[in-house]
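Listed below are the residues making up each chain.
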Amino acid sequence: MALLSGCAELGYLSHSVAGHLRLVNAARPVDEWLAQPELQPALRERLRLSQRMREFSVRELKLPDNNSYRRYAELGRSAAVWNVVATPEFSLNLQTWCFPLMGCVGYRGYFEQAEAEAFAAPLRAQGLEVSVYGVPAYSTLGWSSWLGGDPLLNTFIAYAEGELARMIFHELAHQVAYAKDDTVFNESFAGAVERLGAEAWLRQQGSAAALQIYRQGDARRRDFLALNLRYRERLAQLYAGAQDDAAKRAAKQALFAALRADYEQLKREAWGGYAGYDGWYARANNASLAVLGAYNELTPQFERLHARLDGDWSRFYAEVRRLAALPKPQRRLELQALSEQGATDGRHPHSP
């Protein structure tokens, strides 16, 4: 069994390396794309915009000045990779897999959707709750700069201006600090950089219309997260309780039904019928709620830390790197202190 498992992991690593090399080889410098007379005007505009954002990321946000996001690739597919995440029936803890360099993470990424679905099938057969979802970009943490760096991709280049800025700033943030075996820390930090960075970009460089569109979308995103994290907490309390499995199963079904009903009300009363999250709620399960927690749980603490350091990006990154170097329990204690400080002073991280 150990031998078979080892062979399977070698096969997965081979798939990952080959997929990444194909992606990198498909990328060419943005200047080469722009030099093509036949390039579609919409793509030309987006590539130029991306390079202005890239310069802003270095100049204003103090993000790494390297080859990343200075090349572009057309992949001919809708996602860069497809992630597989899984949880037990009565848990919101993601199953983890461990790899060289990255350590242990709560997902498996595949460059082909069929490969992701094939990996997900036996997990479902084991009784795990599984979510398979497309990811528009990923970070190599800066180590692939010698290959040309992480490229811009067709999977996100057409995003609205604020969303494009968020994507680029988020992925670059992963090159600044990385805590091994701590997905929540890493994604929450990058989430704070993307939010604060996109707001800064739009205030300084964007149009009034782009800023309005971004803030409308960000308000919906915050409503979405608040609703789901509230139900995530209720489910966590249910799963930790003393009820038998049958009672938990019935209560869980009722909670997910209530979650979907509350979403429909939110969509109708606050969003003017905006239906962009319909697909997510149709597939919602423990695994998808667990991913939301991993990507957002600590983001307010990082935003609060940024504000406490007067918005000084260099000092902020230095402090995040210091936290990343700590043992995980100590790291959490220091971030919890930031959360408690915010509750005491009653200030939102974006408050003046």
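Residues numbered from 1 in each chain as written. Predicted model: local features only at pLDDT ≥ 70, side-chain atom pairs only at ≥ 80, totals over all residues. Heavy atoms only, no water.

A few words on the packing of aromatic side chains. To describe a pair of aromatic rings, one takes the distance between the centres and the angle between the planes. The final tally for this structure, using the stated rule, is 24 aromatic pairs. Centroid distance Phe224 to Tyr277: 4.1 Å. Interplanar angle 15°. Geometry classified as stacked. With Phe224 in helix H7 (residues 208–240) and Tyr277 in the loop between helix H8 (245–269) and helix H9 (278–283), the pair connects residues that are 53 residues apart, well separated along the chain. Within the aromatic cluster, the residues linked to one another by ring pairs are Phe224, Tyr263, Trp271, Tyr274, Tyr277, Trp280 and Tyr281. When the ring centre of Phe185 is taken as reference, the NZ or CZ atom of Arg331 above it lies at 5.3 Å. (Phe/Tyr/Trp six-rings, centres within 6.5 Å; stacked < 30°, edge-to-face > 60°. Helix = DSSP H or I, 4+ residues; strand = E, 2+ residues; numbered from the N terminus. Lys NZ or Arg CZ within 6 Å of the ring centre and 35° of its normal.)

Per the counting criterion, the structure on display carries 21 salt bridges. Among the ionic contacts, a cluster of salt bridges with common partners joins Glu163, Arg166, Glu194, Asp218, Arg221 and Arg222. (Salt bridge = Lys/Arg side-chain N within 4 Å of Asp/Glu carboxyl O.)

Moving on, we get to the pairing of strand S7 (residues 129–135). The element S7 is extensively covered by neighbouring structure, given that five of its seven residues are classed as buried. Sheet analysis places strand S3 (residues 81–87) next to S7, joined by seven bridges and oriented antiparallel. Among the inter-strand pairings, Val85 is bridged to a residue of S7, identified as Ser131. (Buried < 20%, exposed > 50% of the residue type's maximum accessible area, 1.4 Å probe, protein only. Pairing = 2+ DSSP bridges.)

Attention shifts here to the confidence of the model for the chain. With 91% of its residues at a pLDDT of at least 70, the chain reaches an overall mean of 90. For the stretch residues 1–7, pLDDT sits under 50, and the model shows zero contacts to residues farther than four places along the chain or on other chains. Low pLDDT, under 50, characterises residues 346–352; the predicted model gives this stretch eleven contacts beyond four residues in sequence or across chains. (pLDDT = per-residue confidence, 0-100. Contact = heavy atoms within 4.5 Å.)

Phi at Tyr69 is positive, roughly 65°, even though this residue is not glycine. A relative accessible area of 1% places Tyr69 in the buried class. Its identity as a non-glycine residue notwithstanding, Asp310 has a phi of 60°, on the positive side. If you trace the backbone, Asp310 turns up in the loop between helix H11 (299–308) and helix H12 (313–324). Look at Asp310 and you get exposed, because its relative accessible area is 67%.

Moving on, we get to the sheet that holds strand S2 (residues 71–73). Paired through backbone hydrogen bonds, the strands of a sheet run either parallel or antiparallel to each other. In space, the three strands of this open sheet follow the order S1-S2-S8, with mixed pairing throughout. Only two strands of the sheet have a single neighbouring strand rather than two, namely strand S1 (28–29) and strand S8 (152–153).

As a further point, take the nonpolar core. Phe189 and Phe316 are the most contacted members of the largest nonpolar core, which has 63 residues in total. Among the elements that line this core, the one with the most residues is helix H6 (residues 183–204), at eleven residues. Residue contacts for Phe189: discarding those within four places in its chain leaves Ala173, Val176, Ala177, Phe302, Phe316, Tyr317 and Val320. Tyr231, Leu255, Phe256 and Leu292 belong to the second largest nonpolar core, which has 21 residues in total. (Core = buried A, V, L, I, M, F, W, Y, C linked by side-chain atoms within 4.5 Å.)

The strand order across the open sheet formed by three strands is S6-S3-S7, and the pairing between neighbours is antiparallel. Among the strands making up the open sheet, the edge pair consists of strand S6 (108–110) and S7. The mean angle between the axes of side-by-side strands here comes to 25°, regardless of whether they run parallel or antiparallel. (Axes fitted to C-alpha atoms, helices over the stretch in contact; angles between N-to-C directions.)

Let's shift gears to the packing of H6 against H7. At their nearest, the axes of H6 and H7 sit 10 Å apart, and the two run at 160° to each other. In terms of orientation, H6 lies roughly antiparallel with respect to H7. The way H6 lies across H7 gives a crossing that is left-handed. Counted together, Arg195, Ala198, Glu199, Leu202 and Arg203 of H6 and Ala210, Leu211, Tyr214, Arg215, Arg222 and Leu225 of H7 form the full contact between these two elements. In the contact of H6 with H7, the residues fall into six nonpolar, no polar and five charged. (Parallel < 35°, antiparallel > 145°, perpendicular 65-115°, else oblique. Left-handed = near helix turned anticlockwise from the far one by under 90°. Nonpolar A, V, L, I, M, F, W, Y, C, P; charged D, E, K, R; others polar.)

The next point concerns the environment of Gln205. With respect to the helices, strands and loops of the structure, Gln205 is situated in the loop between H6 and H7. Since its relative accessible area comes to 41%, Gln205 is described here as partly exposed. Sequence separation of Gln205 and Met53 is 152 residues, and the distance between their C-alpha atoms is 8.9 Å. Those residues within four positions of Gln205 in sequence are excluded, and the remaining contacts are Phe56 and Arg59.

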